[in-house]
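Summary of structural features
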2 protein chains.
Amino acid sequence: MNVSLPLVLLLPLVAQDAASPSAARPDPIEVIDRIVDESLARGRAHDLLGELCRTAPHRLSGSEGADLAVAWAHAKMRALGFENIRLEPCTVPRWERGEVEELVFTSPEELRGEALPILALGGSIATPEAGIEASVVVVSTPEELDALGSDGADDRIVLFNRPMDDTEVDTFRAYGGAVGQRSQGASWAARAGGVAALVRSMTTRRDDVPHTGAMRYTEGVRQVPTAAVSTNGADRIAALVAAGEDVRLRLRLTCRTLEPVESFNVVGELVGREKPAEIVVVGGHLDAWDVGEGAHDDGAGCVQALEAVRLMRVLGLRPRRTVRCVLFANEENGLAGGQEYHRAHRDEMEQHVLAIESDRGGFTPRGWKAGMTDSARRELEELVRLLARTGATRVEAGGGGADIGPMRASGVPLVGFVPDSQRYFDFHHAPTDVFGAVNRRELHLGAAAIAGLAWLVADREGALPRAAEATR
Amino acid sequence: MNVSLPLVLLLPLVAQDAASPSAARPDPIEVIDRIVDESLARGRAHDLLGELCRTAPHRLSGSEGADLAVAWAHAKMRALGFENIRLEPCTVPRWERGEVEELVFTSPEELRGEALPILALGGSIATPEAGIEASVVVVSTPEELDALGSDGADDRIVLFNRPMDDTEVDTFRAYGGAVGQRSQGASWAARAGGVAALVRSMTTRRDDVPHTGAMRYTEGVRQVPTAAVSTNGADRIAALVAAGEDVRLRLRLTCRTLEPVESFNVVGELVGREKPAEIVVVGGHLDAWDVGEGAHDDGAGCVQALEAVRLMRVLGLRPRRTVRCVLFANEENGLAGGQEYHRAHRDEMEQHVLAIESDRGGFTPRGWKAGMTDSARRELEELVRLLARTGATRVEAGGGGADIGPMRASGVPLVGFVPDSQRYFDFHHAPTDVFGAVNRRELHLGAAAIAGLAWLVADREGALPRAAEATR
């Protein structure tokens, strides 16, 4: 790949060995090469991910696992020699899956008693102890539900069975097109008279693994329990109904919402050598669903953020500006961490020159989503050409990530790391999202790309153009 | 991604529904979109791969599994409605692993009797029945072996422990830099007086899984047995030796080379509607090592070649020229299939307008290796911009693939499909190369890219520029 240096990069770029402040200006390509070499040959991201997944595999907000993850991250930043390490408090919701989640056929007769694997959706209420037994109606959209007429779903369990669109090469777009049924299906069902909502799992696979995720009850609408069924399970129910069977199911859930509790964003820095008050954030979210190990979502992003700072440290690259690693709380079911970070640091927002988030899995790098002005995006496009070796060269418009999203209102340029998306929804929010599903080289190339971009922006003479501030 | 139509594409491109020859010219972007949609939504490549891996998981040349694979491929082409289906005979070598492969410490005393996992290298002779017991010398290169002096390896087992270079982002380059010790290590060792050669497995992982592969004895040099040790195993031996231990091992192998036998290249076509004598080859190799299931190497390439033709058929895309699917025999240990294809079709070589091979695993598409003239490569670069949706847009100079390689001498433009290489050597030639390691969406995006390129070239008005013919 032919990388020619665009004009913007010919501005003086100075990186100095932390131990020898008088070192000469390095060639940025050379610095990126050192970062990539170090990450691939001696990177720690994969080992760190293994530690996190063993220490706190289940770390949903408010759980013991979440506390363990915070303690691990805090200790790890100390061990790795980060500066200005701190826990920044925020209040997070607390939902527990409970002991029972069960979906069993009660009709047709020949299937009576047979169970289908499910996972309660985060935020769901429980069923009565005996469960909810009802016949099933299957729809793909809320419009189909409306079309059934006023009593179409009365006293029934509604199965929302809209598949993710297989033909979307960007699986996140396919997810966006179908996830409404998970987040709002329970309230759609209740409005139509339903007694519970089942939702086809948000995955590109056809298998027996259910995928959980957040749901939210619409204000003023009766609350009914809701759970995810595997894609095979959903297709099976739908086929039976389509064949004219009177399909009846009994759903039992014992999940519950408890009082909110205190948690923390975990923060540590590599302080800038010239402009320490100016900040490049690199982050991921430390919370994860209570199934699997949150390896891709978002253990990978957390260890890449840690590794980005570690790589600069071990290579003696102390950039002009401060690089701040932020491991956010509560992305999965509330976003309290991202919102609180923005609130607590609002006086510092003008000094935030960039925020980078990695929350799309630890796969092979492709590029970036740029949530910034057009002129800033053009500068970013030039910068990331220097990252050609990592494969992260494509820039698309888009949000940067859920946790850094609140900073957009303050005009901070946001970047989301975009790895290849083909495999992400094999694992997302599922028991299959485990350490063994993350490839070391892919994870380390991503860490190098993130470290490289953070260094390029933190060490640049000028900051990227900002958007007009929408709110303070 | 912004795809503007380059001039070369504005030449008339005509695709007609096989059932309605009078259909109007389709927009090539629209055709590629149909191919990608079909492959992602209703593609068969993954199912076909599952069938192949179940039917003939072990299919080394000359084995019963290889015969089963040929029968499966032949029957499958018939079931899928290919035209001009045939088995083209070629003579292949036959090597068998045998029942025993064993590597055991005999010194130091505290490790006596402990075994390390190994795999004999394809082509190796057996040890005497009692095995070979000797002390170990560890080197990284043949030069290091030479530097030991004339008796440095006398009566010893030589361990070649050169790792693949982790910092090479293209893992095939890292493989190329280290694989000499596997293919020639036995003869290097014998020349230095050694009695056997052990070779560090060619993988980017550090684990306990040995990876096999072909070796070849240098003419006139004493033949000694040789096997691959896992990376962990090799590191362990090397650490003991470095610590000054007298490491002695006993190696037992019962592998053997038998008489060559007849096998077949399996060939089927979609006959061109205007220039049926002109041919675009799409291929992979049907043989595979006798461990794992040859899922990535090269079941993936075989089913992508089958799928490329199937996709055109089901979409009613019969291009001007013939698309010929060739599943080659004996890539792994002899290349008899590729050589025999070139020999048997030498009178047809001038009508071969392109040969495409997929033999780098079923991973997410990145681009192509172009073995052709510079002017042909420039045309290829323009064509593959139309494949942006598949991700296969990068064109690098290089060989097209081992099986199609012999056609280069006849001036045929060659293209190798290049998927992302980060994970390939986790599986290559190892028990881990199984169906479950291949992701459906990645495999199907690759099939779409290959089908798309084959269609673009087969349906184009003019052929790509050819190289001067080197031999006939």
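Definitions and cut-offs
- Residues numbered from 1 in each chain as written.
- Chains lettered and ligands numbered in written order.
- Predicted model: local features only at pLDDT ≥ 70, side-chain atom pairs only at ≥ 80, totals over all residues.
- Least-squares fit on C-alpha atoms with pLDDT ≥ 70 in both.
- Contact = placed C-beta atoms within 7 Å.
- Pairing = 2+ DSSP bridges.
- Helix = DSSP H or I, 4+ residues; strand = E, 2+ residues; numbered from the N terminus.
- Axes fitted to C-alpha atoms, helices over the stretch in contact; angles between N-to-C directions.
- Nonpolar A, V, L, I, M, F, W, Y, C, P; charged D, E, K, R; others polar.
- Buried ≥ 20, exposed ≤ 12 C-beta atoms within 10 Å, placed from the backbone.
- Right-handed = clockwise from strand over helix to strand, strands pointing away.
- Core = buried A, V, L, I, M, F, W, Y, C linked by C-beta atoms within 7 Å.
- Domains from an automatic or database assignment.
- pLDDT = per-residue confidence, 0-100.
- Expected span 1.5 Å × (residues − 1).
- Parallel < 35°, antiparallel > 145°, perpendicular 65-115°, else oblique.
- Left-handed = near helix turned anticlockwise from the far one by under 90°.

**Regarding the relation of the copies chain A and chain B**
Both copies of the chain are related by one operation, a rotation about an axis with a shift along it. Superposition of chain A onto chain B requires a rotation of 180 degrees combined with a translation of 0.0 Å along the rotation axis, giving an RMSD of 0.0 Å. The superposition operator between the copies reduces to a two-fold rotation axis. Taking the C-alpha atom as reference, chain A places A:Thr364 closest to the rotation axis, 4.6 Å from it. The residues that chain A uses at the interface reappear at the interface of chain B in 100% of cases, marking a shared surface.

**Here's the deal with the sheet that holds strand β12 (residues 275-285) of chain B**
Residues and elements named next belong to chain B. In space, the eight strands of this open sheet follow the order β2-β11-β14-β12-β15-β18-β16-β17, with mixed pairing throughout. Two strands lie at the open edges of the sheet, namely β2 (83-96) and β17 (394-397), each paired on one side alone. Geometrically, the sheet is characterised by an average inter-axis angle of 25 degrees between neighbouring strands, direction not taken into account. Sheet strands in contact with helix α9 (residues 336-344) are β2, β11 (256-270), β12 and β14 (321-328), and its direction is about 135 degrees off that of β2.

**So, the sheet that holds strand β8 (residues 196-200) of chain B**
Paired through backbone hydrogen bonds, the strands of a sheet run either parallel or antiparallel to each other. Residue and element names in this part refer to chain B. Here eight strands make up an open sheet; going across it, the order is β4-β3-β10-β6-β7-β8-β9-β5 and the pairing mixed. In the strand order of this sheet, the two ends are held by β4 (115-116) and β5 (118-120), each with one partner. With respect to the sheet, helix α6 (residues 180-191) is in contact with β7 (157-160), β8 and β9 (226-229), its orientation differing from that of β8 by roughly 150 degrees. Helix α7 (residues 231-242) contacts β4, β6 (132-139), β7, β8 and β9 of the sheet and is inclined by roughly 85 degrees relative to β6.

**Observations concerning the interface of chain A and chain B**
Taken together, the contact between chain A and chain B spans 16 residues of the former and 16 residues of the latter. Where the side of chain A that touches chain B is concerned, the elements lending two or more residues are α1 (28-42) and α12 (440-459) of chain A. Taken together, the residues of the side of chain A that touches chain B sort by class into four nonpolar, five polar and seven charged.

**Brief notes about the pairing of strand β7 (residues 157-160) of chain A**
Residues and elements named next belong to chain A. What you see with β7 is no split at all: Ile157 and Leu159 on one side and Val158 and Phe160 on the other are buried throughout. Of the pairings in the sheet, the one linking strand β6 (residues 132-139) to β7 comprises four bridges and is parallel in character. Across the sheet, Val136 pairs through a bridge with Ile157, a residue of β7. With helix α4 (residues 142-147) bridging β6 and the parallel β7, this β-α-β connection has right-handed handedness.

**Section: the nonpolar core**
Residue and element names in this part refer to chain A. One finds Leu49, Val158, Ala227, Leu453 and Ala454 to be the most contacted residues of the largest nonpolar core, which totals 146 residues. With 13 residues, the top contributor of residues to this core is α12. Both of domain 1 (7-93 + 259-459) and domain 2 (98-254) provide at least three residues apiece to this core. Sequence-distant contacts of Val158, that is, excluding residues within four places in its chain, are made with Val137, Val139, Leu145, Ala153, Ala189, Ala192, Gly194 and Ala197.

**A short note on the confidence of the model for chain A**
Residues and elements named next belong to chain A. Summarising the model, chain A shows a mean pLDDT of 94, and 94% of its residues fall at 70 or more. In the model, residues 1-22 has pLDDT below 50 throughout and makes 36 contacts with residues more than four positions away in sequence or in other chains. Prediction confidence for the complex, expressed as pTM and ipTM, is 0.93 and 0.92 respectively.

**Some words on the pairing of strand β11 (residues 256-270) of chain A**
Residues and elements named next belong to chain A. Note that strand β2 (residues 83-96) and β11 share eleven bridges and pair antiparallel. Residue Val92 lies in a different strand from β11, and its bridge partner there is Val261. Two strands pair when backbone bridges link them, and β11 and strand β14 (residues 321-328) are joined in this way by five bridges, in the antiparallel orientation. Bridging from a neighbouring strand, Val266 pairs with Leu327 of β14.

**Considerations on the domain arrangement of chain A**
Residues and elements named next belong to chain A. When the domains of chain A are assigned, the result is domain 1 (7-93 + 259-459) and domain 2 (98-254). Here the C-alpha centre of domain 2 lies 35 Å away from the C-alpha centre of domain 1. Between domain 1 and domain 2, the residue contacts involve 14 residues of the former and 17 residues of the latter. A class-by-class count of the residues in the side of domain 1 that touches domain 2 yields six nonpolar, six polar and two charged.

**Looking at α6(B)**
Residues and elements named next belong to chain B. A rise of 1.5 Å per residue sets the reference length of α6, with its twelve residues, at 16 Å; its end C-alpha atoms lie 15 Å apart and thus fit the reference within 8%. The complete set of buried residues in α6 reads Gln181, Arg182, Gln184, Gly185, Ala186, Ser187, Trp188, Ala189 and Ala190. Turning to α6, the residues buried within the fold contact α4 (142-147), β7, α5 (171-178), β8 and β9. Directly beyond the C-terminal end of α6, a positive phi value near 95 degrees is found at Gly193.

**Focus on the packing of helix α2 (residues 45-55) of chain A against helix α8 (residues 295-314) of chain A**
Residues and elements named next belong to chain A. Two elements in contact, α2 and α8, have axes whose closest approach is 9 Å; the angle formed by their N-to-C orientations is 130 degrees. On the basis of the axis angle, α2 is oblique to α8. In the packing of α2 onto α8, the handedness of the crossing is right-handed. Contact residues: Ala45, Leu48, Leu49, Leu52 and Cys53 in α2; Ala295, Gly299, Ala300, Cys302, Val303, Gln304, Leu306 and Glu307 in α8. Considered class by class, the residues forming the contact of α2 with α8 number ten nonpolar, two polar and one charged.

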